[in-house]
Amino acid sequence: MNYKIPRGTYDILPADSAKWHFVQDVFRKVASSFGYNEITTPIFEMAELFERSSGESSDVVQKEMYRFTDQKGRTFALRPEGTAPVVRAYVENHMDKSGGRSKLYYMGPMFRYDRPQAGRFRQFYQYGIEFIGSNHPYYDAEVIAIEMTFLKTLGIKNVRLEINSVGCAECAKDYDKALQLHYQPHLEELCADCRKRFETKPRRLLDCKVPSCKTFRPGAPSQLDYLDEACRLHFQQVRNYLDTMNIAYTVNPAIVRGLDYYTNTAFELIVDALGAQNSIAGGGRYNALIAQIGGKDTPAIGFAGGFERLLLALEKEQIPLPGIPKPDVYTIAIGEEAQTAVLGILQSLREAGIYAEYNPEKGSFKAQMKAADASLAAYAIILGEDELKQNKVILKNLSDSSQESLSPQELVGKLSR
RNA sequence: GUGGGUGUAGUUCAAUGGCAGAGCACCGGAUUGUGGUUCCGGGCGUUGUGGGUUCGAGUCCCAUCAUCCACCCCA
């Protein structure tokens, strides 16, 4: 019986770890520069947290959640997204009662039972930002600016920002009614999915891909025309901030976030080169969620991005990323005495933070030289009988073949620089 | 969940239904203190898995698993 990795999951192997650390470090730095601090929540929560917050009718809850019951019959779910857990932690730790403003970021694995394809996995890694505690439109722009800064720092160029406003609950209700009015005459001609959408989520009618459904889209009302005064103004101000910050965007009224808790600003970052799964990050405002989860009525905005798609985008743009580290030195010892004496030298090098490679199994000097070369180390250290007698080692530069004789103390000093 | 493509060595790929191979990588060596180039030697495989057809299956058929593409959805 051979064991195989579960479908839709993957191992991050040593050869790739440095890439992951790199992008994660950049994200942490960028988030810090905006004053955000990391929060880490469990990877499973009460299933109800997601059912309530994401919406019973959402795909995530309906068919993509990994649910399980524990030994006491409680129902939990592996988290399919990061916002609800962060808000749960915010409320549970009474952060809503002490000042109320929190600038948070997180990163870690999420889980969705979905059919894998390029850029889509069952366990995937997200990073995210949540600003909780203000409805000021500046923060909508700030949160977007964090993601744009992150991508810019990494060097990604071919990315588009699309924004929209879905309004508050009141606006959404008016808009849904208007949409139903528009589609009512064609109800019989719509696909089965759309007839369901007509009842449950009329705005989903807009992005149906079935050709016959598409024909009824022209002339459909736009959400933007159904924003009340406050929401309209809010959206306008967000746009003004983005303009001032020189962040380019297009308004796309079709952007509807998949989770029920979004209000007002919704946005998405798209890298066209990625194919079907081209959304690299998405988010929006969720002013109703905190109260819904049991906290004080508190406005908030955030987004989440996917590391896998980010890495794919970096690859597409041929942006170099760190690989597996190369040794600073490869140490060669010839003869039994040298093989013993070399251990002390290795230890002092490593204590000085120098990456020193050594393999006692390589036999001949020649074989060790070959290994040194293959290791791609910058230097080789050679310790043989002659050097032992003089209490010296040879430090050989493997790229220009120059070499010098040094005492072990001088060696550490030279290499630590 | 739906439709389609693909699965052969570590990897990239060959092999008309007739003895499973090549490049790269890897390992060992070319008279015991100097690597890269070169040369010699080594195939490391349950052809994803399980059935079936056939004298004979990597090749044909069925199932299954994985992966890729699209739908759906989304990061």
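Above: the structure in question.
Heads up: these notes are all about the structure in this document.

### Here we look at helix α5 (residues 137-154)
Line of reasoning, step 1. In a regular helix each residue adds 1.5 Å, so 18 residues correspond to 26 Å; α5 covers 26 Å between its end C-alpha atoms and thus fits that length.
Line of reasoning, step 2. With 14 of 18 residues buried, α5 lies mostly within the body of the structure.
Line of reasoning, step 3. In the stretch just after α5, G155 is the one whose phi turns positive, near 100°.

### Structural notes on a negative patch on the surface
Line of reasoning, step 1. Together, E336, E337, E385 and D386 line one region of the surface with negative charge.
Line of reasoning, step 2. Listing elements by their share of the negative patch, those giving two or more residues are α12 (336-351) and α14 (385-390).
Line of reasoning, step 3. Counting through the fold element by element, E385 comes out in helix α14.
Line of reasoning, step 4. Among the residues examined, E385 registers a relative accessible area of 58% and is labelled exposed.

### Looking at the nonpolar core
Nonpolar side chains in soluble globular proteins tend to be buried together.
Line of reasoning, step 1. Ranked by internal contacts, the top residues of the largest apolar core, which has 45 residues, are Y127, I129, F150, L269, I280 and L310.
Line of reasoning, step 2. Counting residues per element, this core draws most heavily on α5, which supplies 10 residues.
Line of reasoning, step 3. Ignoring anything within four residues of it in the chain, the contact list for F150 reads V23, V26, F27, V30, Y127 and L310.
Line of reasoning, step 4. Among the nonpolar cores identified, the runner-up in size contains 20 residues, and V86, A89, I132 and A304 belong to it.

Cut-offs applied
- Every chain is numbered independently, its residues counted from 1 as its sequence is written.
- For this description, chains carry letters from A and ligands carry numbers from 1, given in the order in which they are written.
- Whole-chain, interface and lining totals are the exception, using all residues; otherwise, since this is a predicted model, local features are given only for residues with pLDDT of at least 70 and side-chain atom pairs are given and counted only at 80 or more.
- To obtain the side-chain values, all non-hydrogen atoms of the structure were used and water was disregarded.
- Secondary structure counts use DSSP, requiring at least four H or I residues in a row for a helix and at least two E residues in a row for a strand, with both numbered from the N terminus.
- To estimate how far a helix should extend, the number of its residues minus one is multiplied by 1.5 Å.
- Burial classes follow relative accessibility: with a 1.4 Å probe on protein chains only, a residue under 20% of its type's maximum area counts as buried, one over 50% as exposed, and anything between as partly exposed.
- For patches, a residue must show more than 30% relative accessible area and have no salt bridge; joins then use 9 Å for like charges and 5 Å for nonpolar side chains, namely Val, Leu, Ile, Met, Phe, Trp and Tyr.
- We get accessible surface area from the Shrake-Rupley algorithm with a probe of 1.4 Å; when it comes to residues, only the shown protein chains can shield them.
- By salt bridge we mean one thing: a side-chain nitrogen of Lys or Arg within 4 Å of a carboxyl oxygen of Asp or Glu.
- Counted as positive: Lys and Arg. Counted as negative: Asp and Glu. His and the chain ends are not counted at all.
- All charge positions are set by atom: Lys at NZ, Arg at CZ, Asp at CG, Glu at CD.
- Only buried residues count toward a nonpolar core. Its members are Ala, Val, Leu, Ile, Met, Phe, Trp, Tyr and Cys residues joined through side-chain atoms within 4.5 Å.
- Contact definition: two residues touch when any of their heavy atoms are within 4.5 Å.

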